Amino acid sequence: MTAAAPLRVAVIGSGPAAMYTVEHLLAASANLSIDVFERLFAPYGLVRYGVAPDHQKIKGVTRAFEPLLHDPRVRLFAAVDVGRDLALDDLARRCHAVVAAAGARADRRMGVPGEDLPGSLPATAFVAWYNGHPDFTGLAIDLQRESAVVVGVGNVAIDVARILVLTPDELRRTDMPAYAIEALEASRIREVHILGRRGPAQAAFTAPELKELTTLAGAALRIDPAEAALDPASAAEVERSPDRTLARKVQLIQEIAAAPVPCRPRTIHLRFCVSPLELLPGPDGAVAAVRAVRNRLVASPAGGIAAEPTGEEETILAGLVFRSVGYRGLPIPGLPFDERLGVIPNRAGRVIDPASGAPLPGRYVAGWLKRGPTGVIGTNKPDAAETVRCLLEDADAGCLPAPADPDPASVEALLRARGVQWLDCSDWQRIDELERAAGAREGRPRVKFTSLAAVLEALGRAAPAP
Amino acid sequence: MKLAEVLATKGTGVACIAADAPVSAAIAELAARNIGALVALDAAGAVAGILSERDIVRALAAGRPLDRLAVADLMTPGVICGRLDDDLEAVLAAMTDGHFRHLPVVDGSTLVGLVTTADLAQALLRSLAGRLVTLELRLEAEIDESGVGR
Ligand SMILES: Cc1cc2nc3c(=O)[nH]c(=O)nc-3n(C[C@H](O)[C@H](O)[C@H](O)COP(=O)(O)OP(=O)(O)OC[C@H]3O[C@@H](n4cnc5c(N)ncnc54)[C@H](O)[C@@H]3O)c2cc1C
């Protein structure tokens, strides 16, 4: 009897969703071979390029992912973009199943006039810049302004505000690239206003992240007690919510609002029930202020609480505006895309034809590209488990298309033929060691490479022909 | 978490039926799709009501002549619709309090999906499980760092 050929699975992306997909696949079956394709030279997605550089413990979750990439059944193809270097069909020819776990790297817009003025940028770009994302090292950001506005009240908005006010001492303990540390050290920002459309009970940030803003060496957190008070509908919502962390968060907001504001060189103003209406330019053409309106909260028909403008306006001076109103997935050529939700249309992780609703055999999706850009790192674990369950059910049922070219060596052959210079797991291990060693010399967690060219040089490889 | 996230993994499309269609057509549709409710649309394509299996059971129990009735005769009219950015927990609480199990979801005036209390409960469970995994990861990182257990 001949052994059955291994199940070949291609995973697009190497963030948490991809890594949990790999983990669940490996745990479920011994006879498989997984190829992970990552467009950047380094794996782990937003853990490396999103999670704040002063939150090294959270970045440390990659320790749980590392052994997966070293498993003999797994191969990493880093610096390979599916869509640019390989087509989806190239993967489908070589694998029984393709799992798209490419995340959500575009940003949502506020939809207000002036959004595209110089000085107004998506939080996505700023976050990528301070994390040394190779696509964002050249971001134009003028930190010589004195006031900034962050629109949105999720944890990303809190990250952005906090990073803007870190002291040189705090900055030097991070793995931020030197260009970002230098720019932030020289920053003249004094005031940061975080604007929430709705009230304290609807804010998406979590309590520990808020509390951290009260412990910063160089900045004080100020909340207006009137804005921290709950309207009756929100109070009822908090009261009946089984999630006690909500009540705790509201209590924390009110405690901060009631406490005296410590004297620090910089101030973060956390605002509620305020929406931007328009970004106003200064004489140099760059954004200079935000015209905003105060909202009242009204119960929406289905039980939610919505913001409704009161007409009462104010102008907030702001030389920088960061919109942190959400991320959006980008389509992967060859797979359908739902523009409204910004995800690949799917049922429990099986990619479906949007017109007929029928599953597309052998196509799966996991993570932010599956359910939208919400949830913490761990949310991707049950999410990926669901996708893998569908995939393995389909494999058992014989529903996966047989690949024309299942020989694993054919992937390398194709990349070579196309002149794609990819990095494998041992390359990544070497990069990781070099980054950590460079960090150790400066008393920092690591010093990141920020370009593929520099990585290839450090590995003693020639850069691919342009 | 918003309703958009619940819809994202449910697949597109909502099972709909014209409000003036015969109830027999609705029953056939419910059976064929193995679902519990249909969204009834008026002639303009707007949401007119919801016809659930309960409405049909109730009519049967009352001895009403199903073969001579239209969807509009049995459906619950004037249904509440959710919006893509409504918060899951608040909606789930409202559905539980109001004893309705199906909620059409609209984007502006376009019907984009239908969620059930079971969908919402499952999504909530997944979100809580995710928070738990993250807390565990952080705890493990703390333990690694402090050297406890070594
Ligand atoms: C700024 C920010 C801070 C956050 N902080 C925290 C935190 O502190 N704690 C927490 O628990 N969660 C945090 N999160 C949430 C967490 O990062 C996400 O839940 C998680 O990263 C989503 O996983 P994913 O795998 O779906 O996407 P991603 O992490 O985005 O991974 C997608 C990967 O796919 C790759 N890719 C994209 N397109 C292609 C392509 N065409 N070909 C090949 N590869 C491709 C990308 O380069 C990327 O590596 C944060 C998120 C953001 C945005």
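The shown structure was predicted, so the numbers you read here are calculated from the model rather than taken from an experiment.

Conventions adopted
- Residues numbered from 1 in each chain as written.
- Chains lettered and ligands numbered in written order.
- Predicted model: local features only at pLDDT ≥ 70, side-chain atom pairs only at ≥ 80, totals over all residues.
- Helix = DSSP H or I, 4+ residues; strand = E, 2+ residues; numbered from the N terminus.
- Rg over C-alpha atoms; globule rule 2.2 N^0.38 Å.
- Buried ≥ 20, exposed ≤ 12 C-beta atoms within 10 Å, placed from the backbone.
- Contact = placed C-beta atoms within 7 Å.
- Near = placed C-beta within 6 Å.
- Nonpolar A, V, L, I, M, F, W, Y, C, P; charged D, E, K, R; others polar.
- Domains from an automatic or database assignment.
- pLDDT = per-residue confidence, 0-100.
- Core = buried A, V, L, I, M, F, W, Y, C linked by C-beta atoms within 7 Å.
- Pairing = 2+ DSSP bridges.
- Axes fitted to C-alpha atoms, helices over the stretch in contact; angles between N-to-C directions.
- Parallel < 35°, antiparallel > 145°, perpendicular 65-115°, else oblique.
- Left-handed = near helix turned anticlockwise from the far one by under 90°.
- Expected span 1.5 Å × (residues − 1).
- Arc of directions from axis to C-beta.

K.L.:
Quick question: what am I supposed to make of the overall build of chain B here?
P.N.:
Along chain B, the regular secondary structure elements total 6 helices and 7 strands. Taking 15 Å as the expected radius of gyration for a compact globule of 150 residues, we find that chain B reaches 21 Å, considerably beyond that expectation. Each principal axis of the C-alpha atoms in chain B carries an extent, and together these give about 75 × 35 × 30 Å. Across the 150 residues of chain B, 39% fall into the buried class. Taking as baseline every contact in chain B between residues at least 6 positions apart, the subset at least 24 positions apart corresponds to 57%.

K.L.:
Looking at this structure, how should I read helix α7 (residues 155-164) of chain A?
P.N.:
For an α-helix the count is 3.6 residues per turn, leaving residues at separations of three or four pointing the same way. Taking burial as the measure, the 10 residues of α7 of chain A include 9 buried ones, the bulk of the element. In the core, the buried residues of α7 of chain A are packed alongside α6 (123-130), β7 (147-151), β8 (191-195), α10 (207-212), β10 (266-271) and β14 (320-323) of chain A.

K.L.:
For this particular structure, what's the right way to read the site of the ligand?
P.N.:
Neighbouring the ligand are 36 residues, the closest being Gly13, Gly15, Gly45, Gly103 and Gly367 of chain A. Residue neighbours of the ligand fall on chains A and B, so the site bridges chains. Counting residues per element, the ones that place at least two in the shell around the ligand are α1 (16-28), β2 (32-38) and α7 of chain A. Across the shell around the ligand, the residue classes tally to 18 nonpolar, 14 polar and 4 charged. The two domains that each donate at least three residues to the shell around the ligand are domain 1 (7-105 + 329-458) and domain 2 (107-326) of chain A.

K.L.:
Is there a simple way to explain the domain arrangement of chain A in this structure?
P.N.:
Many authors give the size of an interface as the accessible area that is lost as the parts come together. All names here are of chain A. Here chain A is partitioned into domain 1 (7-105 + 329-458) and domain 2 (107-326). Inter-centroid distance (C-alpha atoms) of domain 1 to domain 2 is 31 Å. Between domain 1 and domain 2, the contact holds 18 residues from the first and 20 residues from the second. Class assignment for the residues of the side of domain 1 that touches domain 2 results in 8 nonpolar, 4 polar and 6 charged.

K.L.:
For this particular structure, what's the right way to read the confidence of the model for chain B?
P.N.:
Low-pLDDT stretches of the model should not have their predicted coordinates read in fine detail. Residue and element names in this part refer to chain B. With 95% of its residues at a pLDDT of 70 or more, chain B has an overall mean of 89. By mean pLDDT, helix α6 (residues 117-146) is the weakest element of chain B at 85, and helix α4 (residues 71-74) is the strongest at 95. Here the predicted complex carries an ipTM of 0.85, next to a pTM of 0.94.

K.L.:
It is not clear to me how the nonpolar core should be interpreted in this structure. Could you clarify?
P.N.:
Proteins that are soluble and globular tend to have nonpolar side chains buried together. In this structure, Val11, Ile12, Ala78, Val99, Ala100 and Val160 of chain A together with Ala40 of chain B are the most contacted members of the largest nonpolar core, which totals 167 residues. Take this core: its biggest share by element is 7 residues, from α7 of chain A. Residue assignment places this core across two domains, with domain 1 (7-105 + 329-458) and domain 2 (107-326) of chain A each supplying three or more. Other than its neighbours up to four places away in sequence, alanine 100 of chain A contacts Ile12, Ile332, Leu335, Ile344, Val365 and Leu369 of chain A.

K.L.:
What exactly am I supposed to notice about the sheet that holds strand β11 (residues 274-281) of chain A here?
P.N.:
One key point about sheets: their strands pair by backbone hydrogen bonds, in either a parallel or an antiparallel sense. All names here are of chain A. Read from one edge of the open sheet, 3 strands run β11-β12-β13, paired in antiparallel fashion. A single partner strand is all that each edge strand has here, and the edge strands are β11 and β13 (305-317). If you compare each strand with its neighbour and ignore which way they point, the axes differ by 20° on average. The pairing of β11 with strand β12 (residues 287-299) spans 7 bridges and is antiparallel. Residue pairing for β12: serine 275 is matched across the bridge by valine 293.

K.L.:
Honestly, the interface of chain A and chain B in this entry has me stumped. Any pointers?
P.N.:
With 40 residues of chain A at the interface, the matching set in chain B holds 36 residues. Those elements that provide at least two residues to the side of chain A that touches chain B are α3 (56-59), α12 (232-240), β16 (346-347), α14 (368-371) and α15 (380-396) of chain A. For the side of chain A that touches chain B, the element with the most residues is α15 of chain A, which contributes 3 residues.

K.L.:
Honestly, the pairing of β13 of chain A in this entry has me stumped. Any pointers?
P.N.:
Each regular strand carries side chains that alternate between the two faces of the sheet. Residue and element names in this part refer to chain A. Bridge analysis of β12 against β13 gives 10 bridges, and the strand direction is antiparallel. Within the sheet, the bridge partner assigned to arginine 291 lies in β13 and is threonine 315. Between β12 and β13, which pair antiparallel one after the other, the connecting turn spans 5 residues, and glycine 303 there sits at a positive phi close to 110°.

K.L.:
Looking at this structure, how should I read the environment of valine 112 of chain A?
P.N.:
Residue and element names in this part refer to chain A. Note that valine 112 resides in the loop between β5 (106-107) and β6 (120-122). Through-space distance from the C-alpha of valine 112 to that of leucine 279 is 7.4 Å; in sequence the pair is 167 residues apart. Leave out the neighbours within four places in its chain, and valine 112 touches Pro276, Leu277, Glu278 and Leu279.

K.L.:
I would appreciate a short explanation of the sheet that holds strand β3 (residues 74-78) of chain A in the present structure.
P.N.:
Residues and elements named next belong to chain A. If you trace the 7 strands from one edge of the open sheet to the other, you get β3-β2-β1-β4-β18-β17-β16, paired in mixed fashion. With partners counted over all chains shown, the strands left at the sheet margins are β3 and β16, one partner each. In terms of strand pairing, strand β17 (residues 350-352) meets strand β18 (residues 359-365) through 2 bridges, oriented antiparallel. When the sheet's bridge partners are listed, arginine 350 is paired in β18 with tyrosine 364.

K.L.:
What's the story with the environment of proline 373 of chain A in this structure? I'm lost.
P.N.:
Within the secondary structure, proline 373 of chain A is located in the loop between α14 and α15. In contact with proline 373 of chain A, other than residues within four places in its own chain, are Ala104, Gly326, Tyr327 and Trp368 of chain A.

K.L.:
Just to check I follow, could you spell out the packing of α6 of chain A against α7 of chain A for this structure?
P.N.:
The geometry of a pair of packed helices is captured by two quantities: the angle between their axes and the separation between those axes. Residues and elements named next belong to chain A. Contact pair α6 / α7: the axes reach a minimum separation of 11 Å and the direction vectors enclose 55°. Classed by the angle they form, the pair α6 and α7 counts as oblique. Here α6 and α7 pass one another in a crossing that is left-handed. Of the residues in α7, those in contact with Ala123, Phe126, Val127 and Tyr130 of α6 are Val156, Ala157, Asp159, Val160 and Ile163. Here the contact of α6 with α7 is composed, by residue class, of 8 nonpolar, no polar and 1 charged.

K.L.:
So what exactly am I meant to see when it comes to the pairing of β7 of chain A here?
P.N.:
Residues and elements named next belong to chain A. The buried fraction of β7 is high, at 5 of 5 residues. Here β7 shows no split at all, with Ser147, Val149 and Val151 on one side and Ala148 and Val150 on the other all buried. Here β7 pairs with β8 via 5 bridges, running parallel. Across the sheet, the residue bridging to alanine 148 is valine 192, located in β8. Direction of pairing for β7 relative to β14: parallel, over a ladder of 4 bridges. Bridge pairing in β14 places valine 149 opposite valine 321.

K.L.:
Explain helix α13 (residues 244-258) of chain A here, please?
P.N.:
Residues and elements named next belong to chain A. Under the 1.5 Å per step criterion, the end-to-end length of α13 is 21 Å for 15 residues, consistent within 8% with the ideal 21 Å. Residues of α13 that are buried include every one of Leu246, Lys249, Val250, Ile253 and Ala257, and no others. Taken down its axis, α13 places every buried residue within 95° of arc, on the same side. Those residues of α13 that are exposed and aimed more than 90 degrees away from the buried face are Arg244, Thr245 and Ala258.

K.L.:
Before we go on, may I ask you to explain the environment of proline 283 of chain A in this structure?
P.N.:
With respect to the secondary-structure elements, proline 283 of chain A resides in the loop between β11 and β12. Taking the C-alpha atoms as reference points, proline 283 of chain A and alanine 299 of chain A, separated by 16 residues in sequence, lie 41 Å from one another.

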